[in-house]
Amino acid sequence: MNIMEGAFVINIAVCLKQVPDTSEVRLDPKTNTLKREGIPSIINPYDAHALEEALTLRDQVGGQVIVLSMGPPQAVQSLKKAISYGADRAILLTDRVFAGSDTLATSYILTGALQKLMQEEPIDLILCGKQAIDGDTAQVGPGIASRLGWPLLTYVSKVEKISPQAREIMVHRKLEEGREVLRASLPALLTVVKEINEIRYAPLPDLIRGATYAVEIWNNEDLHLDPTQLGLKGSPTWVSKTGTPPLREKGEMLGKDQASSAQIASLLAERLIPDIVVPNR
Amino acid sequence: MAEHPLGIWVYIEQEKGQVAPVSWELMGEGRRLADKLGTSLSGVVLGHQIDKVINRVFAYGADSVYAIDDPLLEPYRNQTHSHGLVQLCRDHQPEILLMGATTTGRDLSGSVATQLATGLTADCTELDIDVEKRKLLQTRPAFGGNILATILCRDRWPQMATVRPRVFPEPEAQKAPSSTVVRGKLSLQPKDVTVEVIKRINEERKEGYLDGTDIIVAGGRGLGTKENFQLVHNLAQALGGMAGASRPAVESGWISYSHQVGQTGYSVRPKLYIAAGISGAIQHLVGMQNAEIIVAINKDPDAPIFRVATYGIIADAAEFLPIFTEEVKKRMEGKAVTAKA
Amino acid sequence: MSQKNKKKQDIALAKESSPSKDKAMKDKKLERWASIPHEFEAIVVGGGPAGLSAAYTLAKGGVKTLLIERGDFPGSKNVMGGVLYSYPTAQVFPDFWKKAPLERPIIEQRAYLLAEDSAITAGFKDNRFFEEPYNNFTVFRGRFDKWMAGEAMEAGALLVSETVVTDLLYEGEGTGKKVVGVITNREEGTVRGHVVLLCEGANSILAQRAGLQEDLSPGDLACAVKEVIKLPKGAIEERFNVEKGQGVTIELLGEATLGMFGMGWIYTNKDTLSVGVGVMINELSRRGLNPNTVLEKMKNHPALRPLLVEGETVEYLAKIIPEGGYKQVPKLYSNGVLVCGDTAMLVNGVHREGSNLAMTSGKMAAETVIEAKAKGDFSAEALKRYKERLEDSFVLKDLKKYQNVSGLMQTNPHFFTVYPNMARQAAQELFTVNNVPKKEKQKKIIRDIRKKRSLTQIAGDLYRIWRTFG
C-alpha cells in the first residue's frame, strides 16, 4: 500500500468517558444519582486503551483520531488528556438536556454526534473501551453499533490487520476460554480489552498541545436530537433504591494469645479442612 | 394499544449443542419469577441443528421454546443473533428477557436492547418482581461494589437484564415432555452478513480459570519478593486450588495478569480465599469479598483485609505460609487414608 | 520477552516498516505540533505549594508559564501539610476560603508534652479564629493543591503532568553559564525557558546538579508518616470540645517521638483526623526504629487513644521533609534559575510550617521573575532580588531565629514540662499567624510578662522555652 499518496487513510473516532477514579463514590440519596464531587476523574481505563489502539493504527496507516465524550463541562479535562496522548481532535457533547441519560440515551447522543461528524468527514472505525469502570454496563458501544447498523466487535484483544483499501478489518476477540479471529467489513465498531496494548508515554510536544488545546463543545443546538430520547426523559432504566452490601460477619482472629506459628497453622487447618476437602471431586 | 407483553424469556446461550451453565441457572430463577408474576417461562434458542437443546430446555422447566434454526446462527455472531432475537421479540412481545452476563450475553444484550429501544441492566446479582406494577427488580453492585442498586425499567418491554454466572444455583434437569415450540425465521441472507469467524483458538490454561475455581490462595506485596511468591503457589497446589494475586503483586511482575483479583482483574467467589500479605485495598476487596470463607494473613493488625476475613492471622505471610502448607499436606495425607478406609 | 518488546514485534509483523512510512508519521507529528508554543518565559518544576503559587503569580503577571509536575496531577504527590495558614495563603489567593476545598478552620491549638503514661497539655482557643479572615485551616494537601493548580491554569499557566525533569538545559561557560530550559524524560522532551523555578520538594537532584545545593545527609532530613483516620459522625465535636465545623490542632512532643528530635500531631479534618509523626532520619536509623512503629506507639498513648477510638484508617502516607532550616538554605538563585520551597530548605520544622513558607517563596520568586521580564534580564544579578525579598520577610527571619533549635531540643527536652501555663500565654501571641516575624512577637510577650513582678524570676526560663518551642 502506498501511504504517501494518502489515498487510503483511516479516520478513527474514539468514544471515551470520564469516570471517577476511586470506588469512594457515593450516591445522592435524594436524587439517586452519582455524586462526583471531590473524587479525582480519569479517562475510563478501557477507553484509554481504545484511544491507544486508535493512535497506533493512525500512526501505522495515516489518518485522524477524533475523540468524543459526553459528559459535564469538566470532562474537557479528559479530552485534553486525550489530545496529550496524541489525538488530533476532541469534541465534548455537553448539554443540560443530556444529563441523567442511561445507556440507551447515551448511545443515541453519541450516535447523533458521530453522524454529524460524518457529514464533515468519513469515519472508518469507532473504538470504545469494553465497559466503563463506574457503570460497568458494556452497553454504549454495542448501542452505537446497532444505531449505525455497523458490525460490532466486542472484547477485541488484538487488531490483526486493517485494510483501508479492501474496507476490512481482522481482529482477535477475547472469549471466556480462548479467543476467536474475526473478519469484518469497514466501517465497524470495536470495543477493546486492556490486553490489546500498552499505553504510550507520549512525547512532550503532545502534552503541551494537550495543555493548550481548546476542546470543541457541542450541545443539542448543534446536534438537533429528539428531546424525548435524551436525559432522564429518554432513559427507560432508573434506580429505584440503593443499599450497601451486607457486611460480613465479624471474623475470628486466630492465635492472638501468643500461640506459635505451628499452633496457629494447626488451628486454621482444623477450621478449614472439613469445609474444603471434598474427597475425589 | 397492543396487548401488554407477557412471558419471561431466557436466552439459551449455546454452541454446537453445548449450553452455558448460566442459561440453566436463569431457567431456575426464571421459573420462580414467572410463578410470582403469574406468567409463562420460555427458553429462546438460536443456532443450527438445535433440536436436542430445545428438548433440554423443557427439562429445565420451560413452558415453551422460541427457536430459530439457521446455519448463519452458528457460530455465534452478534449480527445474526441480534437480528434473530430482535425479530422474535417483535413478533411475540415478551415481558422480560434474561441472559447470562457472559461474553456472548453482554455482546448481544446491548445490541438487542438498543434495537428494541428498551432498558437493560447488566450484571445483576439479584432479581425479583414487583407483582403489582409488574416490574422486574434488578439488583446489581454499583460504583465499585460498595453499593447495591435496584434498577427498574419503565414503560418499555421487554425488561432486560443480564445476570452473572454462579449467582443462582443450577436446577436439576427434570424429565419433562417437550411442549410448544414456536419457530421463527432468520430474514438474513449470507451476503448480508458482514462479519466472518475465521477461527477459534481455545486457550485452555493448564491451571484452569481463576473465576471458576473453588480454592484461591492469593498473594500481595506483603510477601516482599518474587521468590516468596512461590510460597503462594505451593499452598495453592497443596490445597488443589489456584494462585491469585493483588494488583501490586502483578505490577511487581511476580505473577501474570490472568491471576489478578479485584476491580481491574477477576471477580471471584470461591469457597475458600486465602489472602497472604494483601492489605485489602477496596479495589481488591470488591473482587473477592463474596468468597465463602476468607482467611487473611497479614503483619499489620489494622490491615483492612481483616474486616472481611472469616479467620484472621497476624503474621508475616512469608513465614506463615510454609508452616501452614506443611500442616495441610500432613492432614491431606490423613484424609486420603480415611477416605480409602 | 517483555511485554513491550513483544508489542513492538507484533506491530512489525502487522505493518512493514519503511522509511517512507516513518517519514509520513514524522510529518504527521510535526503537523500536529506546528501550532504549539516551543519556548516559555518561565518553567516551573514541581506542582506543590511553592510551584503552584509561583505558576499562579507568574501567569497572573502575564508571564508565559509552563508548569511541569511528575505526579498524575498537582497534589497527587503532596501528601503532607494538613495545616494551611490563612494570611500567607491569602497573599497569593485573596479570599481563598470562599472557593478552596478546606476542612475546618482551626479555633484551638494545643500542645501536649507526652510522658510515658501522662501528658501535660497547653492550648489556646479563640472563637474569633472562626471568622474571616481566619487564622488557619486544616486541608487535604492533595485537594487543595489541585484547586491551586486549577487557579493557575485558569490564570493562563500551562500544566504538563506525569513528566519528570531529568536535567536543566544550559548554555554558555564559566560565569556566563546559564539555565535556558529543562530536559524531561519524554521523547522530544527538551523545552526552553528564560528562567526555571525549581520547586520540586526536598532532595532536589536538579538543585544539586546545578551546583546550588550540596548532597543532603540523613541528618538534614526528617521522615514523616501520617494516617488519615475516619471517625464516626459528631465524634470530632464531642471529643475535641468544639462546635460544628470548628477545628483543633494538637502538637505532640516528648514521648510522641520516643524522645527523638521531631514531633507528632493530630489535626481535625471534616470527618477524619490526620495523625502523624515526623522524626529525623538519622535518629531513626541510630535507634533502629521504623517510623510506623513510632506512629503506632504514639496512637496508643493513653492521652491520645480516647481521641482515636472507633477510628478507621482510610489512608496512609509518608514523606521526606528537610529539617535543616536556615543553615541548610542553598544558594537561592543563579543565571536563569531560582529555588523555592522545600527545595530551598525553606522549612520551619519547629513550627511545622513548610507550606506557607513554600507558598510565600514561590510568590516572591514569581514577583522577581516578573520584574526580570520587564527588564529583559534573567541573570543572577537580576534574580538576586529574590533572596533580598525572602530576607526582608518572615521566611528567612524566622529560619534564622531557629537555626540553633535542634541542639536545644535535644539537650533540654524537659523545658516544656515546667511551665505549661506560661506556654499558653506565649501561645496566644505565637499561634496567631500574621507574618509578623516571631522574634518581634516574643519581644512583645516579654514586655507584657515583665510588667508582672511575680513572674520576673521565671521569665528567663520562659524565654529559653520560647527559644525552643515558641
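The structure presented is a predicted model; accordingly, all values stated were derived computationally and were not measured. Position numbers for residues count from 1 along each chain, tracking the sequence in the order it is written. Just so you know, chain letters begin at A and ligand numbers begin at 1, following the order they were written in. In view of the model being predicted, local features appear only for residues whose pLDDT reaches at least 70, and side-chain atom pairs are presented and counted only at 80 or more, with totals across whole chains, interfaces and linings using the full set of residues. Only hydrogens and water are set aside; all other atoms, that is, all heavy atoms of the structure, feed into the side-chain values.

A. Structural view of the pairing of strand β12 (residues 188-192) of chain A. Residues and elements named next belong to chain A. The classification of residues rests on relative accessible area computed with a 1.4 Å probe and restricted to protein chains. Under 20% of the type maximum is buried, over 50% is exposed, and intermediate values are partly exposed. Counting from the N terminus, the helices are the DSSP runs of H or I reaching at least four residues and the strands are the DSSP runs of E reaching at least two. Summarising burial for β12: five of the five residues are buried, a large majority. As defined by bridge partners, strand β8 (residues 125-129) adjoins β12 across five bridges and the pair is classed as parallel. Directly across from Cys128, in β12, lies its bridge partner Thr191. Strands are labelled as partners when DSSP assigns at least two bridges between them. Direction of pairing for strand β9 (residues 152-163) relative to β12: parallel, over a ladder of three bridges. Residue pairing in the sheet places Leu153 in a bridge with Leu190 of β12.

B. How the structure looks around the interface of chain A and chain C. Contact definition: two residues touch when any of their heavy atoms are within 4.5 Å. Across the contact, 31 residues belong to chain A and 35 residues belong to chain C. When chain A packs against chain C, the two sides together hide about 2,800 Å² of surface, and 62% of this comes from carbon and sulfur. Buried area adds together the accessible area that both of two parts lose upon being put together, with accessible area traced by a 1.4 Å probe. Of all residues in chain A, the largest losses of buried area upon contact with chain C belong to Gln60(A), Tyr201(A) and Leu204(A), amounting jointly to 23% of the total for that side. Should a side-chain nitrogen of Lys or Arg be within 4 Å of a carboxyl oxygen of Asp or Glu, the pair is scored as a salt bridge. Across the contact surface, chain A and chain C share two salt bridges. Glu162(C) is the salt-bridge partner of Lys81(A), the closest N and O atoms lying 2.4 Å from each other. Secondary-structure elements contributing two or more residues to the side of chain A that touches chain C are α1 (45-61), β6 (63-70) and α5 (204-212) of chain A. By residue number, the principal contributor to the side of chain A that touches chain C is α5(A), which donates eight residues.

C. The nonpolar core, seen in detail. By size, the foremost hydrophobic cluster in this structure holds 79 residues, and its most contacted members are Phe96(C) and Leu197(C). Here the element with the most residues in this core is helix α11 (residues 355-375) of chain C; it accounts for eight residues. Not counting chain neighbours up to four residues away, the residues in contact with Phe96(C) comprise Leu84(C), Ser86(C), Thr89(C), Ala90(C), Leu102(C), Phe137(C), Phe144(C) and Trp147(C). Counting 42 residues, the second largest nonpolar core, distinct from the first, contains Ala87(A), Ala184(A), Tyr213(A) and Val197(B). Residues enter a nonpolar core if they are buried and are Ala, Val, Leu, Ile, Met, Phe, Trp, Tyr or Cys, with the set joined through side-chain atoms within 4.5 Å.

D. Spotlight on the state of the cysteines. Two cysteine sulfur atoms form a disulfide, by the criterion used here, when they sit within 2.5 Å. Enumeration according to the criterion identifies zero disulfides over all chains in this entry. Cys340(C) forms no disulfide, and the closest cysteine sulfur to it belongs to Cys199(C), at a distance of 3.9 Å.

E. The interface of chain A and chain B, seen in detail. In this assembly, 76 residues from chain A lie in contact with 73 residues from chain B. With its nearest N and O atoms 2.7 Å apart, the salt bridge here joins Glu180(A) to Arg200(B). When residues of the side of chain A that touches chain B are assigned to their parent elements, the largest contribution, 13 residues, is made by helix α7 (residues 261-276) of chain A. Residues that form the side of chain A that touches chain B fall into these classes: 33 nonpolar, 21 polar and 22 charged. Here strand β15 (residues 252-254) of chain A runs beside strand β18 (residues 311-314) of chain B; their pairing, made up of three bridges, is parallel. The partner of Met253(A) across the bridge, within β18(B), is Gly312(B). Side-chain classes are defined by residue name, with Ala, Val, Leu, Ile, Met, Phe, Trp, Tyr, Cys and Pro counting as nonpolar, Asp, Glu, Lys and Arg as charged, and the others, Gly among them, as polar.

F. Expanded view of the sheet that holds strand β12 (residues 180-184) of chain B. Residue and element names in this part refer to chain B. If you walk across this open sheet you meet the seven strands as β7-β11-β6-β1-β4-β5-β12, and the pairing is parallel. Every interior strand has two partners, whereas the edge strands, β7 (120-124) and β12, have only one. With strand direction ignored, the average angle separating the axes of adjacent strands in the sheet is 25°. Structural elements are reduced to axes, namely lines fitted to C-alpha atoms, with helices fitted over the stretch in contact, and the angle between N-to-C directions of any two is expressed from 0 to 180 degrees. Across the sheet, helix α1 (residues 21-37) lies against β1 (8-12), β4 (41-47), β6 (96-100) and β11 (159-163), angled at about 175° from β1, the strand it touches most.

G. Expanded view of the side chain of His49(A). In this fold, His49(A) is placed in helix α1. The residues contacting His49(A), other than those within four sequence positions of it, are Val192(A), Val193(A), Lys194(A), Ile196(A), Asn197(A) and Ile199(A).

H. Examining the sheet that holds strand β7 (residues 89-93) of chain A more closely. Read from one edge to the other, the open sheet built from 10 strands follows the order β13(A)-β7(A)-β6(A)-β1(A)-β8(A)-β12(A)-β9(A)-β10(A)-β11(A)-β13(B), with strand pairing classed as mixed. The strands lining the two open edges of the sheet, one partner per strand, are β13 (216-218) of chain A together with β13 (195-202) of chain B. Across the sheet, the axes of successive neighbouring strands diverge by a mean angle of 30°, strand direction being ignored. Bridging between strand β1 (residues 10-15) of chain A and β6(A) involves six bridges; their strand directions are parallel. From the neighbouring strand, Ala13(A) faces β6(A), where its bridge partner is Ile66(A). Across the sheet, α1(A) lies against β1, β6, β8, β9 and β12 of chain A, angled at about 170° from β1(A), the strand it touches most. Strands in contact with helix α2 (residues 76-85) of chain A are β6, β7 and β13 of chain A; relative to β7(A), the strand with the most contacts, it is inclined by about 165°.

I. Structural context of the confidence of the model for chain B. Confidence scores per residue from the predictor, reported as pLDDT, run from 0 to 100. Looking at chain B, pLDDT values average 89 and 92% of them are 70 or higher. This model gives residues 336-341 of chain B a pLDDT under 50, and the stretch forms zero contacts once residues within four places in sequence are excluded.

J. Representation of the environment of Leu57(A). Residues and elements named next belong to chain A. Mapped onto the secondary structure, Leu57 falls in helix α1. Leu57 sits in the buried class, given a relative accessible area of 4%. Each C-alpha atom, one on Leu57 and one on Lys161, is 9.6 Å from the other, the two residues being 104 residues apart in sequence.

K. Summary view of α1(B). Residues and elements named next belong to chain B. With 17 residues, α1 ought to run about 24 Å at 1.5 Å a step, and its terminal C-alpha atoms sit 24 Å apart, in line with that. Inspection of α1 places Val22, Ser23, Trp24, Glu25, Leu26, Met27, Glu29, Gly30, Leu33, Ala34 and Leu37 among the buried residues, and these make up the whole buried set. Positive backbone phi, approximately 70°, marks Gly38, located one or two places after α1. In this scheme, a helix's expected span is set at 1.5 Å multiplied by one less than its residue total.

L. Spotlight on the pattern of salt bridges. Residues and elements named next belong to chain B. Tallied over the full model, the rule gives 56 salt bridges over all chains. In this structure, Arg31 and Asp63 form a salt bridge, with 3.3 Å as the shortest nitrogen-oxygen distance. With Arg31 in helix α1 and Asp63 in the loop between α2 (51-59) and β5 (64-69), this residue pair connects regions lying 32 residues apart in the sequence. A relative accessible area of 32% places Asp63 in the partly exposed class.

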